[in-house]
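Examining the three-dimensional arrangement
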Amino acid sequence: MDMKVAKKKLGLKEKYRLMTRDLGWEPSYRTKDEVFPYVKYEGIKVHDWDKWEDPFRLTMDAYWKYQAEKERKFYAIIDAHAQNNGHLNITDGRYLSALKVFLQAISPGEYAAHKGFSRVGREFPGVGTQVACQMQAIDEIRHAQTQIHALSNYNKYYNGFHAFADARDRMWYNTVARSFFDDAMSAGPFEFMIAIGFSFEYVLTNLLFVPFMSGAAYNGDMATVTFGFSAQSDEARHMTLGLECIKFMLEQDPDNLPIVQGWLDKWFWRGFRVLGLVSTMMDYMLPKRVMSWREAWEIYGVENGGALFKDLARYGIRPPKGWDDAEKSIDHMSHQFMLGLYQWSFGTSLHSWIPSDEDMDWLSAKYPTTFDKYYRPRWDHIRKLAAEGKQFKNFGLAKLCQTCQLPVVFTEPDDPTMSCHRETSYKGEKYHFCSDGCQHVFENEPEKYVQAWLPMPALFREFEGDVGAWMDWVSLRDGQDNGDYVGSIDQRNFEQWRGLATSNT
Amino acid sequence: MSYELTIEPLGQTIPIEEGQTILDAALRAGVYLPHACCHGLCATCKVQVVDGEVDHGEASSFALMDFERDEQKTLACCATAQGDIVIEAEIEEDPDAENLPVRDFAGTVSRIETLTPTIKGIWIKLDDAEGMRFQAGQYINLELPDGIGTRAFSVASAPSESGEIELNIRIVPGGQGTRYVHETMRVGERTKISGPYGRFFVKKSADVPVIFMAGGSGLSSPRSMILDLLAEGFERPITLVYGQRTREELYYHDEFLALAERHKNFRYVPALSHEPEGSDWQGFRGFVHDAAKNHFDNDFRAHKAYLCGPPLMIEACIGTLMRGRLFERDIYTEKFISAADAQQVRSPLFKAI
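Definitions and cut-offs
Residues numbered from 1 in each chain as written. Chains lettered and ligands numbered in written order. Predicted model: local features only at pLDDT ≥ 70, side-chain atom pairs only at ≥ 80, totals over all residues. Helix = DSSP H or I, 4+ residues; strand = E, 2+ residues; numbered from the N terminus. Buried ≥ 20, exposed ≤ 12 C-beta atoms within 10 Å, placed from the backbone. Contact = placed C-beta atoms within 7 Å. Axes fitted to C-alpha atoms, helices over the stretch in contact; angles between N-to-C directions. Parallel < 35°, antiparallel > 145°, perpendicular 65-115°, else oblique. Left-handed = near helix turned anticlockwise from the far one by under 90°. Domains from an automatic or database assignment. Pairing = 2+ DSSP bridges. Right-handed = clockwise from strand over helix to strand, strands pointing away. Nonpolar A, V, L, I, M, F, W, Y, C, P; charged D, E, K, R; others polar. Expected span 1.5 Å × (residues − 1). Bend = angle between axes of the 7 residues up to and from the residue. pLDDT = per-residue confidence, 0-100.

1. Considering the overall build of chain A
For chain A, the helix and strand inventory stands at 20 helices and four strands. With the principal axes as the frame, chain A shows a C-alpha extent of 95 × 65 × 45 Å. Looking at chain A as a whole, 47% of its 505 residues are labelled buried. At a minimum sequence separation of 6, the contacts of chain A that also span at least 24 residues come to 80%.

Shown next, in the form of structure tokens:
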């Protein structure tokens, strides 16, 4: 019988294997341990590197082709944004503060992630892992660049954008994000993957990027929306790398489980603290709001995070230790941190403001059990002072948490009227913390965190408490970049230019 | 209006409705395609259109580039078919899949037996002398009269008995189809089936010891698979861990005891979860996953496991296997991804289990 037999096609997986795995080689004149000196000291046991799956079967030449087209599209939109005065299409000048938070705290994190992935790509022995880390390293530097380029357009017109790198390294609220990345980059390769590849890219990324990008879309900022889309098209690959890494560790050896669990506990809490900035941005800085921080937490934290930890339970992983404390703080953190930003607004490279009646009604609708009870009275008091010409300022310097570097402004998990403060002694020195979570992180690795550079002590150590000298050092221009939005140069310019663009007077 | 969607490299053809996305059609047919955001942004579900026309829908221009559109790529989560289409997806090729074509068969109900108070055995003799070729573990759609429609059932008999198909059907309270089978169906009745369907079959090419974990009415596929393996002389150890609530629900118990007598590589581990205390049951008391953990001393390495049964049992068994060091690549479940499952919030940690 004459049957036509279709020739079997080479599967995509097989094609990819032929084009990548063969790139690896066995070292001959040095041992593997010498070539990859950092891969064992964290205690992670690996028996078979070939079990590391790389489900994104992307080769380098295809990678360049994709990224080149993304860049072309991105810059076309950025150019149009610049030529058409896109900065006047945003809903209100207050929105600029959200962008300043992003540029100062988050974009440099992309650059840090680039450095980190370059390093671990070198330190991991597996070929699949090396290729995936290399691509992610290039992605991250591209993200940093596109974000800086997109926001540089705002720098032509508004204050607070000009020295984002100094602000990131030295400004008290930004060192929260800096210390998160520094902590990850100074960890071993596997811990870096859990910190950035898994906790940050998977568990926390939606809570971080969705609010900013949807916030941009809601507030008419097409430049930011575009870099968001451009970055999100890389995210699937990044998340997969993080997920594959955690599965790989858990499947390679049962001894890896307690190590991985410890890292999850640590990096969930570290990441959650970085989200303190994001919660405030969502609830207070968007003139047109997308959803409340509480609502975002319900979707991306409780629902998606819950599904993840349910699946991880199959390996014997339990939800991170700080999960319950996190849940208890959701209805408080954005208010507490905005009050912090406002009272120290003389020392911020962005503007804050007293929420309007309409803002406060929205907040009380979104936080029915907490806002009217604990936070509205404080804002009312601050507003009364402002009406009398006395802006509420706190010229005392905030005590910072030794681990997360946030000012100790949060309350006890079970008592929102009691300030939460923890301390521990190590080698005769006293260290302060904002929470049990941060204290635990310190106590697990005290030698690491005693070295932390904290911005408030630095003000005394380096400048003997001279705030003016400190402002020069962090590139903060007093009266331009800082203070209340109401009466600021940003407010005056935005309203004047927008008036010129939308009317004939 | 419905079209045909062929998914390479599986070679499987499934129906796709006008306006239905490729991803939705595939998931409903039990074919897993990689996906994540489900609204055209992340590009996880990118596939190659080999033949036919698609509408790209809401795919983001950053997730599906212009040059990719020119190369006939599309995002399965957004794309809809404009006619019959063929796609190539990132699916592992399966050396054990025979990709047998689905056909319609007419037949006669030849035998009905009460296996337990809630399960009936139904035998259907097919008119076609050659019978239906299928892989042990696959299922058929049984056409039921009176406007009830079709219902899917796993084949409980071995592929060698291709002329007479055995189905074991548990009565589902309130279920129209199973009530018909239990109360109205008679020997001699004419009926129609279509099949074989599904991608649940033994990975014989791996050539490692196999574990079957079955509970409730999930015994059909494992039974067919075990009969098939033993008949063709499979030499690796085969273990069936089989659970029911009580002894009277433990159908085919004697058959498995006899098989274990005859084949030294077949081990049979029955478990009863709700057997009255003080009965003469000498076997394991408890759930399937605990019986397996006990039998294998919590070490399942270097096996392949096949799981059939109610969702809670499957979940418990997966957890037990993983804590006993057997992972996703070696665990197979007979699971139909319903529309509800496809919409359920799940993490992307696991793909097939």
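More follows now that the structure is in view.
2. Re the overall build of chain B
When helices and strands are tallied, chain B shows eight helices and 19 strands. Projected onto the principal axes, the alpha-carbon positions of chain B cover approximately 70 × 50 × 40 Å. For chain B, with 353 residues in total, the buried portion stands at 42%. Considering only residue pairs separated by 6 or more positions, chain B has 68% of its internal contacts joining residues 24 or more positions apart.

3. What about the packing of helix 5 (residues 127-155) of chain A against helix 9 (residues 222-252) of chain A?
Residue and element names in this part refer to chain A. Two numbers describe how helix 5 lies on helix 9: the axes approach to 10 Å, and their chain directions differ by 165 degrees. The angle between the axes of helix 5 and helix 9 places the two elements in the roughly antiparallel class. In terms of crossing hand, the pair formed by helix 5 and helix 9 is left-handed. Here Ala132, Met135, Gln136, Asp139, His143, Thr146, Gln147, Ala150 and Asn153 of helix 5 come into contact with helix 9, specifically with Ala223, Thr224, Phe227, Ser230, Ala231, Asp234, Arg237, His238 and Leu241.

4. A few points about unusual backbone geometry
Residue and element names in this part refer to chain B. With an omega dihedral of 5 degrees, the bond running from Glu8 to Pro9 counts as a cis peptide bond. Position of Pro9 among the secondary structure elements: in the loop between strand 1 (2-8) and strand 2 (12-17). Backbone geometry at Asp146 places phi at a positive 60 degrees, although glycine is not the residue there. For Asp146, the location among the structural elements is in the loop between strand 10 (139-144) and strand 11 (149-154).

5. Points about the domain arrangement of chain B
Structurally, chain B comprises domain 1 (2-88), domain 2 (103-197) and domain 3 (204-343). On a C-alpha basis, the centroid separation for the pair domain 1 of chain B and domain 2 of chain B is 34 Å.

6. Brief notes about the pairing of strand 18 (residues 304-308) of chain B
All names here are of chain B. By the criterion of burial, strand 18 is predominantly enclosed, with five of the five residues buried. Neither face of strand 18 is left uncovered, since the one carrying Lys304, Tyr306 and Cys308 and the one carrying Ala305 and Leu307 both have all their residues buried. Sheet topology note: the strand 14 (residues 210-215)/strand 18 ladder contains five bridges and is parallel. If you follow Val210 over to strand 18, its bridge partner there is Lys304. Judged from the three bridges that link them, strand 18 and strand 19 (residues 331-333) form a sheet pairing that is parallel. Considered in strand 19, the bridge of Leu307 is made with Thr333. Once the chain exits strand 18 it traverses helix 7 (residues 311-323) before rejoining the sheet at strand 19, and the crossover so formed is right-handed.

7. Comments concerning the interface of chain A and chain B
With 30 residues of chain A in contact, the opposing surface of chain B contributes 30 residues. Mapped onto the side of chain A that touches chain B, the elements with two or more residues apiece are helix 1 (12-20), helix 3 (60-83), helix 9 and helix 11 (293-312) of chain A. Here the residues of the side of chain A that touches chain B are counted per class, giving eleven nonpolar, six polar and 13 charged.

8. Thoughts on the sheet that holds strand 19 of chain B
Residues and elements named next belong to chain B. What the six strands build is an open sheet, ordered 17-16-15-14-18-19; its pairing is parallel. The open sheet has two free edges, formed respectively by strand 17 (284-285) and strand 19, since each of these has just one partner strand. Strand direction decides the pairing type here: strand 16 (residues 266-272) and strand 17, joined by two bridges, are parallel. Considered in strand 17, the bridge of Ala271 is made with Phe284. Each of strand 15 (238-244) and strand 16 touches helix 5 (residues 253-262); the most contacted strand, strand 16, lies at about 150 degrees to it.

9. Quick notes on helix 10 (residues 256-285) of chain A
Residues and elements named next belong to chain A. Helix length check: helix 10 (30 residues) gives 42 Å between terminal C-alpha atoms against 44 Å at 1.5 Å per residue, within 8%. Bending of helix 10 peaks at approximately 30 degrees at the position of Gly276. For helix 10, the buried fraction is high: 25 of the 30 residues fall into the buried class.

10. Some points on the sheet that holds strand 2 of chain B
Residues and elements named next belong to chain B. Pairing in this open sheet of five strands is mixed, and the strands run 2-1-7-3-5 from one edge to the other. At either margin of the open sheet sits one strand with a lone partner, and together these are strand 2 and strand 5 (73-75). Taking the axes of each pair of neighbouring strands and ignoring which way they run, one obtains an average angle of 40 degrees across the sheet. One ladder, built from six bridges, connects strand 1 with strand 2; its direction is antiparallel.

11. Overview of the packing of helix 7 (residues 175-185) of chain A against helix 10 of chain A
Helix-helix packing: each pair is described by the crossing angle between the helix axes and the interaxial distance. Residues and elements named next belong to chain A. Two elements in contact, helix 7 and helix 10, have axes whose closest approach is 9 Å; the angle formed by their N-to-C orientations is 155 degrees. By the angle between their axes, helix 7 is roughly antiparallel relative to helix 10. The element helix 7 and its partner helix 10 pack so that their crossing is left-handed. For the pair formed by helix 7 and helix 10, the contact residues are Val176, Ala177, Phe180 and Asp183 on the first element and Arg270, Arg273, Val274 and Leu277 on the second.

12. What about the environment of B:Lys351?
Looking at where B:Lys351 falls in the secondary structure, it is placed in the segment after helix 8 (339-343). Separated by 23 residues in sequence, B:Lys351 and B:Glu328 have C-alpha atoms that sit 8.3 Å apart.

13. As for helix 4 (residues 220-231) of chain B
All names here are of chain B. The end-to-end C-alpha separation of helix 4 is 17 Å, in line with the 16 Å expected for twelve residues at 1.5 Å each. Along helix 4, the residues that are buried comprise Ser220, Ser221, Pro222, Arg223, Ser224, Met225, Ile226, Asp228 and Leu229. Residues of helix 4 that are buried sit in contact with strand 11, strand 12 (164-170), strand 14, strand 15 and strand 18. One or two residues past the end of helix 4 sits Gly233, with phi positive at roughly 80 degrees.

14. Points about the pairing of strand 2 (residues 415-419) of chain A
Residues and elements named next belong to chain A. Across two bridges, strand 1 (residues 411-412) lies against strand 2 in antiparallel orientation. Residue Glu412 lies in a different strand from strand 2, and its bridge partner there is Asp415. In this antiparallel pair of consecutive strands, strand 1 and strand 2, the connection spans two residues.

15. A look at the environment of B:His253
Relative to the assigned elements, B:His253 resides in helix 5. Counting along the chain gives eleven residues from B:His253 to B:Tyr242, while the straight-line C-alpha distance between them is 9.1 Å.

16. With respect to the confidence of the model for chain B
Residues and elements named next belong to chain B. Per-residue confidence for chain B averages 90 on the pLDDT scale, and 97% of its residues sit at or above 70. Of the regions scoring below 50 in pLDDT, residues 336-342 engages in seven contacts with residues more than four places distant in sequence or in other chains. Two summary scores accompany this predicted model of the complex, namely pTM at 0.86 and ipTM at 0.78.

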